[in-house]
Amino acid sequence: MTLLVRIYYNTVFGALGGLLGWMLFGVFGEKNPSGAPAFLFLNEQDLNAILGGLVIGGAIGFLVVSVDAIRDGAMVRFARLASYGVVLGAIGGALGMFLGDKLNRTLIEALGDRWYVAMLVRGLGWMLLGVAIGMSEGIAARSLGRFSYGTLGGAIGGFVGGCLFMVFYQAGLPQASATQSSAAHIWSQALGLVILGASIGSLSALVQAVFQPACVRVLRGWQEGREYPLEKPASLLGREEHADIALFRDMKVEKKHAYINRVGERYVLVNNSAPPEWTRVNDAPVPQSLDLNDGDRIQLGNVILRFHLRAASNRQRAKRPLPLPG
């Protein structure tokens, strides 16, 4: 259920990012520029593609990268994550639109104006946006694991979303009057961008969840039911805004209460000078540090967490006997 919740939030925020990008490009961009001077080696169509990619990529990156901070209500962390998402998303979007358009025109000249060529090229172009958003998640979180998993998931999501975007984009060009065609074109573009953002958000979350090595789940306290991946060498738990595992609203939890360090294949809970009676594993106080095992119950203040090791969970599933036929 927690995986579905995580995918749900990423999908919704990605879709909202696509819709926001469409709205902003409608305000600041020109769908059919004319008379604009060329800039360096770029023509009018190139400039319009770059502008569209900047706006759309920045909007999707803004919401997808900052979704965890929004869910936690951590405004300081939100500002940091959102800035990475906007900048890298805008760069990835601009490159994706520009290179996609260039490749599209080249292939059309070679293969003809075929729908599957345009779909494939747009998927490859928006894949750069997905890669940029996945990279920005890892850079903002200072996590090599999230960087690699997010980049892979973003690339897949960008490709799938780009292909679907082109399907809806071309579906909005009916053989009807100019007014009907224009309206259908606008709405199909909006729907395509919503699906693009949703694909990047959902598949990025899915790939990260599949490959995450371990996590902790909140059993009681702030964000009950929330699952936090342990993708960094040292994950901070506490009330601090920048904490990797934010445990707000409990004053018995210190701002930097504890760390969960990854040492090879081991995970170690390290008490960061917090009172041992408010730092427990399986009800036993932890004055300094303690190795964690799959299923351990961690208590910090009044907050209760459950540690889950992905490798152990996989072994347990593999040992389950198959149901007998009949």
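Everything that follows concerns the structure shown earlier in this document.
This report concerns the structure included in the present document. (Residues numbered from 1 in each chain as written. Predicted model: local features only at pLDDT ≥ 70, side-chain atom pairs only at ≥ 80, totals over all residues. Heavy atoms only, no water.)

Considering the overall build of the protein chain
For clarity, the cut-off: Helix numbering and strand numbering both begin at the N terminus, where a helix is a DSSP run of H or I of at least 4 residues and a strand a DSSP run of E of at least 2. Buried residues are those whose accessible area, probed at 1.4 Å on protein chains only, stays under 20% of the maximum for their type, while exposed residues exceed 50% and partly exposed ones sit between those limits. We call two residues in contact when some of their heavy atoms are within 4.5 Å. Here the open area of atoms and residues is found with the Shrake-Rupley method and a 1.4 Å probe, where only the protein chains shown may cover a residue.
A count of helices and strands for the protein chain gives eight helices and 11 strands. Considering the protein chain as a whole, with its 326 residues, one finds that 47% of them fall into the buried category. Sequence separation of at least 24 residues holds for 59% of the intrachain contacts in the protein chain that already meet a minimum separation of 6. Of the roughly 16,000 Å² of accessible surface on the protein chain, 64% is carried by carbon and sulfur atoms.

A short note on helix 4 (residues 75-111)
Convention followed: An expected span of 1.5 Å times one less than the residue number is assigned to each helix.
Over its 37 residues, helix 4 extends 50 Å from the first C-alpha to the last, a length consistent with the 54 Å expected when each residue adds 1.5 Å. Positive phi shows up at G112, right after helix 4, with a value of about 95°.

So, the nonpolar core
The tendency in soluble globular proteins is for nonpolar side chains to be buried side by side. The cut-off we apply is this: Take the buried residues of types Ala, Val, Leu, Ile, Met, Phe, Trp, Tyr and Cys, join any two whose side-chain atoms come within 4.5 Å, and each joined set is a nonpolar core.
One finds I260, I298 and F307 to be the most contacted residues of the largest nonpolar core, which totals 22 residues. Put simply, the parts of the chain that give this core at least two residues each are strand 1 (214-220), strand 5 (258-263), strand 6 (266-271), strand 10 (297-300) and strand 11 (303-309). It is strand 11 that contributes the most residues to this core, four residues altogether. Leave out the neighbours within four places in its chain, and I260 touches V216, L230, P233, A234, S235, L237, Y267, V268, L269, L292 and I298. The next biggest cluster of nonpolar side chains, apart from the first, holds 20 residues, and it includes I60, V65, M97 and A190.

A few points about a nonpolar patch on the surface
Defined as follows: Residues enter patches when they are more than 30% accessible in relative terms and free of salt bridges; like-charged ones are connected within 9 Å and nonpolar ones (Val, Leu, Ile, Met, Phe, Trp, Tyr) within 5 Å. The term salt bridge refers to a pairing of a side-chain nitrogen on Lys or Arg with a carboxyl oxygen on Asp or Glu at a separation within 4 Å.
A cluster of nonpolar side chains, namely L3, L152, I156, V160, L164, L206, V210 and F211, defines an oily patch on the protein surface of about 570 Å² accessible area. Secondary structure elements with two or more residues in the nonpolar patch: helix 6 (144-171) and helix 7 (178-211). In terms of residues, the nonpolar patch owes the most to one element, helix 6, which gives four residues. Tracing the sequence through the fold places L206 in helix 7. Among the residues examined, L206 registers a relative accessible area of 31% and is labelled partly exposed.

Observations regarding the packing of aromatic side chains
For any pair of aromatic rings, geometry is given as the distance between the ring centres together with the angle between the planes. The following threshold applies: Any two of the Phe, Tyr and Trp rings considered here, Trp counted by its six-membered ring, make a pair once their centres fall within 6.5 Å; the pair's planes then place it as stacked at under 30 degrees, edge-to-face at over 60, or tilted in between. Here, a charge over a ring means that NZ of Lys or CZ of Arg falls within 6 Å of the ring centre while also lying within 35 degrees of the ring normal.
In total, this model carries six aromatic pairs according to the counting rule given. An angle of 75° between the planes, with centres 5.8 Å apart, marks the rings of F62 and F78 as edge-to-face. Taken together, the residues span a long stretch of sequence, with F62 in helix 2 (residues 44-65) and F78 in helix 4 at a distance of 16 residues. Accessibility expressed as a relative area gives 27% for F62, which makes it partly exposed. Over the ring of Y9 we find R71; its NZ or CZ atom is 4.2 Å from the centre of that ring.

A look at the pairing of strand 10
The condition that has to hold: Pairing between two strands is assigned when DSSP locates at least 2 bridges connecting them.
As judged from the three bridges shared by strand 7 (residues 279-281) and strand 10, these two strands associate in the antiparallel manner. What sits directly across from V281, in strand 10, is I298. Connecting the antiparallel pair strand 10 and strand 11 is a turn made up of two residues, with G301 showing a positive phi of about 65°.

Re the pattern of salt bridges
Applying the stated rule across the entire model yields 10 salt bridges. Each of D68, D72, R77, R146, R226 and E231 takes part in salt bridges that share partners, so that together they form one network.

Topic: the environment of P275
Relative to the helices and strands, P275 is located in the loop between strand 6 and strand 7. By relative accessible area, which is 26% here, P275 ends up partly exposed. Spatially, the C-alpha atoms of P275 and L300 are 9.5 Å apart, while their sequence positions differ by 25 residues.

A look at the packing of helix 2 against helix 5 (residues 115-141)
So the rule is basically this: With axes taken as lines fitted to C-alpha atoms, and helix axes fitted only over the stretch in contact, angles between N-to-C directions fall between 0 and 180 degrees. Crossing handedness is defined as follows: a turn of the near helix away from the far one that is anticlockwise and smaller than a right angle gives a left-handed crossing, while the clockwise case is right-handed. Residues are grouped as follows: nonpolar covers Ala, Val, Leu, Ile, Met, Phe, Trp, Tyr, Cys and Pro; charged covers Asp, Glu, Lys and Arg; every other residue, Gly included, is treated as polar.
Interhelical geometry of helix 2 versus helix 5 gives an angle of 35° and a closest axis separation of 10 Å. Here helix 2 runs over helix 5; the crossing is right-handed. Along the contact surface, helix 2 presents I56, G57, I60, G61, V64 and V65, while helix 5 presents W126, L129, I133, S136 and E137. When the residues that make up the contact of helix 2 with helix 5 are grouped by side-chain class, the tally is seven nonpolar, three polar and one charged.

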